[in-house]
Amino acid sequence: MSSASEVETAWGADRPESTPGSKKSDPILVVDGIRRTFGGLTAVDVDHLEIQRNKITALIGPNGAGKTTFFNLITGFDAPDAGSWSYNGEPMSSLAPHKVALKGMVRTFQLTKALARLSVIENMKLGAQNQKGENLFRAMMRGWKDEERANEERADALLKRFKMDHMREEFAGGLSGGQRKLLEMARALMTEPDLIMLDEPMAGVNPALTQSLLGHVKELRDEGRTVVFVEHDMDVVRDISDWVVVMAEGKIIAEGTHEEIGKNRQVIDAYLGSHHDEDLTFDDEEE
Amino acid sequence: MDFQSIIVNALQAAVSPEAAIFALAAIGLNIHFGYTGLLNFGQAGFMTMGAYGLAVPVFAFGWPLWTGVIFGILAAVVFALALGAPTLRLRADYLAIVTIAAAEIVRFLVRATSLSDITGGSNGINGFSSDFYDLNPFTESIKFGPFSFLPRTMWAIILGWVLVLLGIGFCYLVVNSPWGRVLKAIREDEDAARALGKNAYSIKMQSLIIGGIFGALAGMMLAISTGSVQPSPQDLGPPKTFFAYAALILGGTARLWGPVVGSIIFIALLQFTDGLIRGAQSAGWIPEWFISGTEVGVMRFILLGVGLMLLMLYRPQGIFGDKREMAFDV
Ligand SMILES: Nc1ncnc2c1ncn2[C@@H]1O[C@H](COP(=O)(O)OP(=O)(O)OP(=O)(O)O)[C@@H](O)[C@H]1O
Ligand SMILES: [Mg+2]
């Protein structure tokens, strides 16, 4: 577990201010005035948000806060009523989802999307980008065999890392909920993303595996990737996040390290306001 | 009742040009529905494109038959683009509605009186296929044991099944490729494919075009083998599409040989039940008040429908299908 000082040390001189919408020294994603309404309901209304490159940012908030909708907007799966955002300095508004993915911003889904009637290994190989064999004419010519072999090796290595290599030939439709989560995350990694956005990646994954998965997420950061993840389990958030962004009723209400967020009155109110019975585990066990 | 001749007729039907026509149409539907999950209910429209694309240049402009092959394929590509462009970004059911309507629209269009100089109107087009039959090496009927084929039929059978084999070869190559994997991914969950950087719209369009070309080939084969193009419901109307679907599902969707074996069995069964009913009738086993002579054609489709329902109950994956895959059907 990372202690308070560890997170602070990691940031060093780049330490952002702990205010909603604060500036980051090297943002990979910058969001401005993005708003999405469903009828009378404002699901997302974010004035400004920056995500620091090469860090693990947790996006938390009560149910219905707009986290998934925010993911949908940023990755092109949904269109906002207003607003703009840029990725690596490049405007991304109204880009089709597959183009977003090709630029290196790849997301997973809260409700997993395993491709049921494809085997686990085929699911994985689908993730590889810019495959020659995905062109119809080249597909006929069989010039893609070497590439396919290389992708398969990479897929096998990832499956091993996620302890799913024994399920290689199974249909994805036969996997358990937790296994599907793992497969979807591993498949997203096949794309070699720069920014990976995980929507509740640990939901339904058994605790023993969660620990090793958390290790993998940290490895992603160490490989130079940026991770944004939505999570309800505060232990997980405390474990791996370098930064925490809190959403409630569509707005960013707080940003900071997990210690700061755990003490933030507004955040606690936001959770208690909508979920009186929710078990709040903000009180840091290390204290 | 002469069982031998009923069976001989059924087997002869199994290899007939008609079976090859269904096989081609069903291969196209297998690409659409089996692999990509596209609901094309207008395969007859693609067949119309092929049939008229083939016959019109000969009939209206006096061009050689081979130019018609090119026009037939081009017409199918244009038809696919016109159907796909507005619908493939929408939910799957839009394509289904648009294809079934468009197929009927083109059939009514080609039979319009005002177009009869070009399309032959409601009379259709005859006598455009001589370029093909001039090449026929067979001069007398071909006999294998109890089977006998007219020279023209034999020549059409060869063309039809060569096309089917080429089509299967093509499918084998593309379906077992990364391209084919994207097709299946789109069938399973389009958004998952898009999240992984696949241009689902473009790939669906490619699938619609390729499967549509197979439909056009079926239409050309129909035109060639019968030597005529008719804008009738039996030839190019909705029943054609649904029989091709029946053949595909019978054989097993998303299986390489499913549409071919399904078509063979479909046509053979159709012929067999027809022979059986007629035989039973002439033997006096079925009273006239129960099924009259003209009702036999209808009766065999009823029997076939019951047969298909039984198949769906006891073997929903079709003859070649994988039972395991059916378990995850969503
Ligand atoms: N397609 C839609 N149509 C109508 N309302 C929607 C739609 N999608 C989301 N909403 C609404 O927008 C709000 C935000 O939903 P969202 O799924 O983004 O929340 P979330 O923060 O991901 O919640 P959870 O933690 O439960 O996953 C909710 O009130 C939800 O009902
Ligand atoms: Mg959500």
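From a predicted model like this one, the values you see are computed outputs, not experimental measurements.

1. Focus on the side chain of Glu 188 of chain B
Here comes step 1: Relative to the assigned elements, Glu 188 of chain B resides in helix 9 (residues 178-188).
Here comes step 2: Among the polar contacts made by the side chain of Glu 188 of chain B, one reaches the main-chain amide nitrogen of Arg 117 of chain A at a distance of 3.0 Å.
Here comes step 3: When sequence neighbours within four positions are dropped, the list of residues in contact with Glu 188 of chain B reads Leu 115, Ala 116 and Arg 117 of chain A.

2. A short note on the coordination of the magnesium ion (ligand 2)
Residues and elements named next belong to chain A.
Here comes step 1: Those protein atoms acting as donors to the magnesium ion (ligand 2) are Thr 68 (OG1) and Gln 110 (OE1), and they sit at 1.9 to 2.1 Å. Of this pair, Thr 68 sits in helix 2 (residues 67-74) while Gln 110 is found in the loop between strand 6 (105-107) and helix 4 (120-126), placing the two residues 42 residues apart along the sequence.
Here comes step 2: Judged by relative accessible area, Thr 68 falls into the partly exposed class, the value being 25%.
Here comes step 3: We classify Gln 110 as partly exposed; its relative accessible area is 34%.

3. Examining the layout of surface pockets
Here comes step 1: One number sums up the size of the largest pocket: a volume of about 910 Å³.
Here comes step 2: The wall of the largest pocket is formed by 40 residues, among which Thr 36, Gly 37, Leu 38, Ile 186 and Arg 187 of chain B lie closest to the centre.
Here comes step 3: Breaking the lining of the largest pocket down by element, the ones donating at least two residues are helix 3 (97-102) of chain A together with helix 2 (17-35), helix 5 (92-110), helix 9, helix 10 (190-195), helix 11 (200-226) and helix 16 (323-326) of chain B.
Here comes step 4: By residue class, the composition of the lining of the largest pocket is 18 nonpolar, 9 polar and 13 charged.

4. Description of the pairing of strand 8 (residues 226-230) of chain A
Residues and elements named next belong to chain A.
Here comes step 1: Of all 5 residues that make up strand 8, 5 are buried, and the element is covered over most of its length.
Here comes step 2: Of the pairings in the sheet, the one linking strand 3 (residues 56-60) to strand 8 comprises 4 bridges and is parallel in character. Bridged to Thr 57 within strand 8 is Val 228.
Here comes step 3: Of the strand pairs in this sheet, strand 7 (residues 195-199) and strand 8 are connected by 5 bridges, and their pairing is parallel. Among the inter-strand pairings, Leu 195 is bridged to a residue of strand 8, identified as Thr 226.
Here comes step 4: Crossover handedness for the path strand 7 to helix 8 (residues 207-222) to strand 8: right-handed.

5. A look at the domain arrangement of chain A
All names here are of chain A.
Here comes step 1: Assigned domains within chain A: domain 1 (4-114 + 177-185 + 192-274) and domain 2 (115-174).
Here comes step 2: Computed from C-alpha coordinates alone, the two centres of domain 1 and domain 2 are separated by 28 Å.
Here comes step 3: Residue-level contacts link 17 residues of domain 1 with 15 residues of domain 2.
Here comes step 4: Note on domain 1 versus domain 2: buried area summed over both sides is about 1300 Å², and carbon and sulfur give 58% of it.
Here comes step 5: Taken together, domain 1 and domain 2 are joined by 3 salt bridges.
Here comes step 6: For the interface between domain 1 and domain 2, the tally reads 3 residue pairs in polar contact (both at pLDDT 80 or more).
Here comes step 7: For the side of domain 1 that touches domain 2, the secondary-structure elements that each account for two or more residues are helix 3, helix 7 (177-189) and helix 8.
Here comes step 8: If one sorts the elements of the side of domain 1 that touches domain 2 by residue count, helix 8 sits on top with 6 residues.
Here comes step 9: Looking at the side of domain 1 that touches domain 2 residue by residue, the classes come out as 9 nonpolar, 3 polar and 5 charged.

Each value, and the rule that gives it
- Residue numbers restart at each chain and count upward from 1, following the sequence in its written direction.
- Here every chain gets a letter starting at A, and every ligand a number starting at 1, in the order they are written.
- The predicted origin of the model limits local features to residues at a pLDDT of at least 70 and limits the giving and counting of side-chain atom pairs to 80 or more, whereas totals for whole chains, interfaces and linings rest on all residues.
- In computing side-chain properties, one takes all heavy atoms of the structure into account and sets aside hydrogens as well as water.
- Helical segments are the DSSP runs of H or I of at least four residues, strand segments are the runs of E of at least two, and each set is numbered from the N terminus.
- Within 3.5 Å is the distance limit for a polar contact, defined as a pair of N or O atoms, with the added protein rule that one can donate a hydrogen and the other accept it, and that residues adjacent in sequence qualify only through two side-chain atoms.
- Two residues qualify as a contact provided that any one of their heavy atoms is within 4.5 Å of a heavy atom in the partner residue.
- Water is not among the atoms examined, so metal sites may look incomplete; donors are the N, O and S atoms within 2.8 Å of the metal, or within 3.2 Å for Na, K and Ca.
- Relative accessibility decides the category of a residue: with a 1.4 Å probe and only protein chains considered, values under 20% of the type maximum give buried, values over 50% give exposed, and everything between is partly exposed.
- Here a cavity denotes a set of grid points, spaced 1 Å apart and computed over the protein atoms alone, in which a 1.4 Å probe fits but from which it cannot get out, and a pocket denotes an open set meeting protein on both sides within 12 Å along at least five of seven lines; residues with an atom within 4 Å of a point are reported as lining.
- Grid points are joined across faces, edges and corners, and a volume is the space filled by probe spheres set on the points.
- As a working rule, the residues Ala, Val, Leu, Ile, Met, Phe, Trp, Tyr, Cys and Pro are called nonpolar, Asp, Glu, Lys and Arg charged, and the rest polar, with Gly in that last group.
- Between any two strands, pairing holds if DSSP finds at least two bridges.
- With the strands aimed away from the viewer, a crossover counts as right-handed if its path from the first strand over the helix to the second runs clockwise.
- How far each domain reaches was decided by an automatic or database domain assignment.
- For any pair of parts, buried area is found by adding up, for both, the accessible area (1.4 Å probe) each one loses once the two are put together.
- Throughout this description, the term salt bridge denotes a Lys or Arg side-chain nitrogen within 4 Å of a carboxyl oxygen of Asp or Glu.

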